[in-house]
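What follows is the residue order along each chain.
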Amino acid sequence: MQQNIDLLIRPRWLVPVVPEGLVLEHHALAVDQGRILAALPVEEAERRFVARETEVLDRHLLMPGMVNLHCHAAMNLFRGIADDLPLMTWLSEYIWPAENQHVSHRFVHDGTLIACAEMLKGGVTCFNDMYFFPQAAAEAVAETGIRAALGLTLLEFPGAYASDADDYLAKGLAARDALRDTPRLSFCLAPHAPYSVSDRAFKKVLVLAEELDLPIHLHVHETRDEIRQSLETYGIRPLERLHRLGLLGPNLIAVHAVHLEPGEIALLAGHGASVAHCPTSNLKHGSGIAPLAALLEAGINVGLGTDSAASNSRFDMFGEMRLAALLSKGSTERADAVGAHRALAMATINGARALGLENEIGSLEPGKAADLCALNFDELRLSPCYDPVSHLVYALSGEYVSHVWVAGKARIKNNALIGFEQKDLINLAALWQTRVKPCRKSGG
């Protein structure tokens, strides 16, 4: 007897990501009640299932939705206000003052709403956020239908959201308590960085992470100046300080991790920590090139992040895959340093693993949530196609995404957003543009 199901997708290629390296042709993906039932040959799928909806995508590739392992979603409302600057100048002279002036519940809601739409259009189905007013971000997540891990952000200095470290933490925990049963939401503790968080606050974060079983998501070793300041203030490098405080462990997501010595790579590997690699942001601020090949060779779980649209200018995870692979090849002078399938894993299952969501998302395996992305290969620049995963990493961009599902529900269909109008979002962004003063300063 045939089984009734919600959805059957029939792509030209199906890339499950797990196991790595596998590309299936003439297969279908069966989805019911928001979850993947099976990936199987088309003929067998038609014998076993009767689908309420069948999506024939015979010129497309179907893959897991991507996981953006590090971003500050609402900051897309600051996109382009201050470019061509080193990180600390950019933060202290432009971004932090702008945040103090403009950030509010409404700012975070609207900025996150626009960012979610942009990410969905680029094939991202889950993002790991680090910003303020998490309840406002959660409202945007609910409206757009995307999946998110919301950071409970912590800083020492006052801002528009909170007055001090204790206040940030109290507000973040209250938001988590209010939102903890919300579909498609999870949480991280998000102390900003070693240079902006005290030992006392880090110790509180560690206790809470252990009690609540939450990942710890923070910037670390992003710039040489950060390391220099730590040596002057604490007499040790930031990662060693975190180690002595007990923060290194399997729940740590170390963002950027650009300037690492061999012993520090071994330290991260030995504690099972993950790294969120953000190659475009690192380059745009002139922060450096992370030792990606060495991290992977040490067995460290590395996912990819875009960082904010203020520091990257885009939420294009396809661009991050391509750049990560090419930078690693160039910096090591090894063409095989990071291959296409490895880059794809970094954009999908590795990000899910860092968030503790590897049993839920990140690959097309039976039982997982049907977070899916389809790309149209019926394009001149993608012809001929001998290896579709090679094209995913080296030839494609987010503009090729045609369909996106989150938990089995269509969010992008035939390149169009479902449930809200792109023009309305553009108008919303324009309203904020009239309030936010540009702070342009060129580096040359």
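In case you missed it, the structure is sitting above this.
Rules used in this analysis
Residue numbers run consecutively from 1 along every chain, following the written order of its sequence. Only residues with pLDDT of at least 70 get local features here, since the model is predicted, and only at 80 or more are side-chain atom pairs given and counted; chain-wide, interface and lining totals rely on the full set of residues. Processing note: side-chain calculations cover all non-hydrogen atoms of the structure and skip hydrogens and water entirely. Both cavities and pockets are sets of points on a 1 Å grid over the protein atoms alone; in a cavity a 1.4 Å probe fits but cannot get out, in a pocket the set is open with protein on both sides within 12 Å along at least five of seven lines, and lining residues sit with an atom within 4 Å of a point. Grid points are joined across faces, edges and corners, and a volume is the space filled by probe spheres set on the points. Counting from the N terminus, the helices are the DSSP runs of H or I reaching at least four residues and the strands are the DSSP runs of E reaching at least two. Just so you know the grouping, Ala, Val, Leu, Ile, Met, Phe, Trp, Tyr, Cys and Pro go in nonpolar, Asp, Glu, Lys and Arg go in charged, and all remaining residues, Gly too, go in polar. Here the term buried applies to any residue with accessible area under 20% of the maximum for its type, exposed to any over 50%, and partly exposed to those in between, with areas from a 1.4 Å probe on protein chains only. Throughout, the arc means that of the directions going from the helix axis to the C-beta atoms. By definition in these notes, contact holds between two residues if any of their heavy atoms fall within 4.5 Å. A helix is expected to span 1.5 Å for every residue after the first. For the purposes of this analysis, a disulfide is any pair of cysteine sulfur atoms at a distance within 2.5 Å. Paired strands are those between which DSSP finds at least two bridges. For salt bridges, the criterion is a side-chain nitrogen of Lys or Arg within 4 Å of an Asp or Glu carboxyl oxygen.

A. Main features of the layout of surface pockets. Approximately 770 Å³ is the volume attributed to the largest pocket. Counting only elements with at least two residues in the lining of the largest pocket, the list comes to helix H3 (105-121) and helix H16 (422-435). Top element by residues in the lining of the largest pocket is H16. It accounts for seven residues. Among the residues making up the lining of the largest pocket, the classes are represented as 15 nonpolar, seven polar and seven charged. For the second largest pocket, the calculated volume is near 180 Å³. Along its surface, the second largest pocket is lined by Leu-185, Ser-186, Phe-187, Asp-213, Leu-214, Pro-215, Asn-251, Leu-355 and Gly-356. Within the lining of the second largest pocket, the residues separate by chemical class into five nonpolar, three polar and one charged.

B. Region of the structure containing helix H8 (residues 238-245). All buried positions along H8 are accounted for by Pro-238, Leu-239, Arg-241, Leu-242 and Leu-245. Axial view of H8: buried residues confined to an arc of 160°, hence all on one face. Close packing links the buried residues of H8 with helix H6 (199-212), strand E10 (216-220), helix H7 (224-234) and helix H9 (262-270).

C. Structural detail: helix H5 (residues 165-179). Relative to the 21 Å expected for 15 residues at 1.5 Å per residue, H5 spans 21 Å between its end C-alpha atoms, a close match to the ideal helical length. Taken together, the buried positions of H5 are occupied by Ala-165, Tyr-168, Leu-169, Gly-172, Ala-175, Arg-176 and Leu-179. Each buried residue of H5 lies within a common arc of 130° when the element is viewed along its axis, so the set occupies one face. For H5, the elements touching its buried residues are helix H4 (134-144), strand E8 (147-154), strand E9 (185-191) and H6.

D. Structural view of the state of the cysteines. Considering all chains together, one arrives at zero disulfides under this definition. In this model Cys-71 remains outside any disulfide bridge; the closest cysteine sulfur is found in Cys-116, 8.3 Å from its own. The buried category is assigned to Cys-71, whose relative accessible area is 0%. Here Cys-278 is not cross-linked by a disulfide; its sulfur's nearest cysteine counterpart is in Cys-71, at 9.3 Å.

E. Quick look at the pairing of strand E16 (residues 409-413). Examined bridge by bridge, strand E15 (residues 401-406) and E16 share three bridges and lie antiparallel to one another. Paired with Val-406 across the strands is Lys-409, a residue of E16. The turn joining E15 and E16, which pair antiparallel and follow one another in sequence, is formed by two residues; a positive phi near 50° is taken by Ala-407. Here E16 pairs with strand E17 (residues 416-417) via two bridges, running antiparallel. Across the sheet, residue Ile-412 finds its bridge partner in E17, namely Leu-417. Count of turn residues in the E16/E17 antiparallel hairpin: two residues, of which Asn-414 carries a positive phi of about 50°.

F. Structural view of the side chain of Ser-311. For Ser-311, the position within the fold is in the loop between strand E13 (301-304) and helix H12 (317-332). Of the residues examined, Ser-311 reaches a relative accessible area of 1% and is grouped as buried. In this view, Ser-311 contacts Trp-90, Ser-281, Lys-284 and His-285; residues no more than four positions away in its chain are not counted.

G. Inspection of the pattern of salt bridges at higher detail. Under the criterion given, the structure shown has 28 salt bridges. Ionic pairing is found between Glu-53 and Lys-413, a salt bridge with its closest N-O pair at 3.4 Å. In this pair, Glu-53 sits in strand E5 (residues 49-64) while Lys-413 sits in strand E16, placing the two residues 360 residues apart along the sequence. Judged by relative accessible area, which is 33%, Glu-53 ranks as partly exposed. Classification of Lys-413 by relative accessible area gives partly exposed; the value is 33%. Between Glu-55 and Lys-413 there is a salt bridge, with the nearest N and O atoms lying 3.8 Å from each other.

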